[in-house]
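Structural features, examined
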Amino acid sequence: SRPVPVSNGKMAAPMSRGSRGPEPGAAPYGNFPNYSRFHPPEGRVSLLPQGLLRRLFPAAARPLLGLDVGCNSGELSVALYRHLLGLPESNSSPEAPGVGKELNLLCCDIDPELIQRAQQSSPFPASISFASLDIMDSGAREPFLSSYLQRFGRSSFDIGFCMSVTMWIHLNHGDRGLLEFLAVLASLCTFLLVEPQPWKCYRAAARRLRRLGRDDFEHFRSLRINGDMAESITRILTQECAMELVCSFGSTSWDRSLLLFKSTSADPEG
């Protein structure tokens, strides 16, 4: 249920921000303004082993680059950064890596209000960049990401994060959109950590819209990719996107798997 970049020029700002606060079901792209209250970052990062970057990139001498797609207001992005670098929760000012690795993290979301909130609250502005970006708009995506990568003399990211984003891409762009999205991430990242929403979340999202009297998701009733979504996304990435499943880190308390994939066509050291 994290926010998801969408195409066709649609903005996905939360649709009800009146005096009573945001309507919890009124975020058809997953851009809930207080998402981390429902799914705290600790529920994800606690599943990831300490020293993961060291294991994945034992010989990398240069700074590592990460991409977080659908970052919402940044709480999970910052928690991932802290965890991967072994930084204590109380260490809010120094930006020295704790595990001998340096990480530059680019976090994007379609919702500019959530991005502004992330920028204002980030404790690591020199290492974590937040940007409003429609990841499904190739005309916006390609020059923006290329420009960022060129700053580091790179053509791809070392690791990507796609945390509870796939459902929103799928519901708003259909099967073809999901396939395109996963192919884009696979082409951009050497490693990819994915947290797919299970099918029951699709049904719940559709029910929320109906209860609010809003139009149903355009593609919900025509999706042929359905059922076990972790299995489907694994199949797509491994069979169609030149990736292999490295590890499943188990499931969160809200029944979402954390799956780590690796490109079979990229050199992890660059």
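Remember, predicted model here, so these are calculated numbers, not experimental data.

**Overview of the sheet that holds strand 9 (residues 257–263)**
- The mixed open sheet is built from seven strands, whose spatial order is 5-4-3-6-7-9-8. The open sheet has two free edges, formed respectively by strand 5 (128–132) and strand 8 (243–251), since each of these has just one partner strand. In this sheet, neighbouring strand axes are inclined to one another by 20 degrees on average, regardless of whether the strands run parallel or antiparallel.
- Where strand 7 (residues 189–195) lies against strand 9, four bridges are found, and the strand directions are antiparallel. Across the sheet, residue Val-194 finds its bridge partner in strand 9, namely Leu-259.
- Packing against the sheet, helix 6 (residues 138–151) makes contact with strand 3 (64–69), strand 4 (103–109), strand 5 and strand 6 (157–163), and its axis sits at approximately 165 degrees to strand 4.

**With respect to helix 7 (residues 166–188)**
- The terminal C-alpha atoms of helix 7 lie 16 Å apart, and with 23 residues this falls more than 12% below the ideal 33 Å at 1.5 Å per residue.
- Remark: the principal bend of helix 7, roughly 135 degrees, maps to His-173.
- A large share of helix 7 lies buried, amounting to 18 of its 23 residues.

**Remarks on helix 8 (residues 199–211)**
- Counted at 1.5 Å a residue, the expected span for helix 8 with its 13 residues is 18 Å, and the 19 Å between its end C-alpha atoms agrees.
- Three or more residues of helix 8 are buried, namely Trp-199, Cys-201, Tyr-202, Ala-205, Ala-206 and Leu-209. Along the axis of helix 8, the buried positions cluster into a sector of 155 degrees, meaning they face one direction only.
- Of the surrounding elements, those touching the buried residues of helix 8 are helix 7 and helix 9 (229–240).
- With its phi angle positive at about 75 degrees, Gly-213 sits one or two positions after the end of helix 8.

**Brief notes about unusual backbone geometry**
- Phi at Asn-72 takes a positive value of approximately 55 degrees, unusual for a residue other than glycine.
- The exposure class of Asn-72 is buried, given its relative accessible area of 2%.
- Although it is not a glycine, Ala-242 adopts a positive phi angle of roughly 55 degrees.
- Within the fold, Ala-242 resides in the loop between helix 9 and strand 8.
- You can call Ala-242 partly exposed: its relative accessible area is 35%.

**Description of the confidence of the model for the protein**
- Of the residues in the protein, 79% have a pLDDT of 70 or more, and the chain-wide mean is 84.
- Of all helices and strands in the protein, the one with the weakest mean pLDDT is strand 1 (residues 17–18) (36), whereas helix 9 scores best (98).
- A low-confidence stretch, residues 91–99 (pLDDT under 50), is modelled with 22 contacts involving residues beyond four sequence positions or located in other chains.

**Some words on the packing of aromatic side chains**
- If you walk through the whole model with that rule in mind, you get seven aromatic pairs.
- Among the aromatic residues, ring-to-ring pairing joins Tyr-148, Phe-152 and Phe-157 into one connected group.

**Brief notes about the packing of helix 7 against helix 9**
- In the contact formed by helix 7 and helix 9, the axes pass within 9 Å of each other and the chain directions differ by 35 degrees. Remark: the crossing between helix 7 and helix 9 carries right-handed chirality. On helix 9, the residues that touch Thr-166, His-170, Leu-178, Leu-179, Leu-182 and Ala-186 of helix 7 are Met-229, Ile-233, Ile-236, Leu-237 and Glu-240.
- Of the residues belonging to the contact of helix 7 with helix 9, the class tally is eight nonpolar, two polar and one charged.

Thresholds applied
Residues numbered from 1 in each chain as written. Predicted model: local features only at pLDDT ≥ 70, side-chain atom pairs only at ≥ 80, totals over all residues. Heavy atoms only, no water. Pairing = 2+ DSSP bridges. Helix = DSSP H or I, 4+ residues; strand = E, 2+ residues; numbered from the N terminus. Axes fitted to C-alpha atoms, helices over the stretch in contact; angles between N-to-C directions. Contact = heavy atoms within 4.5 Å. Expected span 1.5 Å × (residues − 1). Bend = angle between axes of the 7 residues up to and from the residue. Buried < 20%, exposed > 50% of the residue type's maximum accessible area, 1.4 Å probe, protein only. Arc of directions from axis to C-beta. pLDDT = per-residue confidence, 0-100. Phe/Tyr/Trp six-rings, centres within 6.5 Å; stacked < 30°, edge-to-face > 60°. Left-handed = near helix turned anticlockwise from the far one by under 90°. Nonpolar A, V, L, I, M, F, W, Y, C, P; charged D, E, K, R; others polar.

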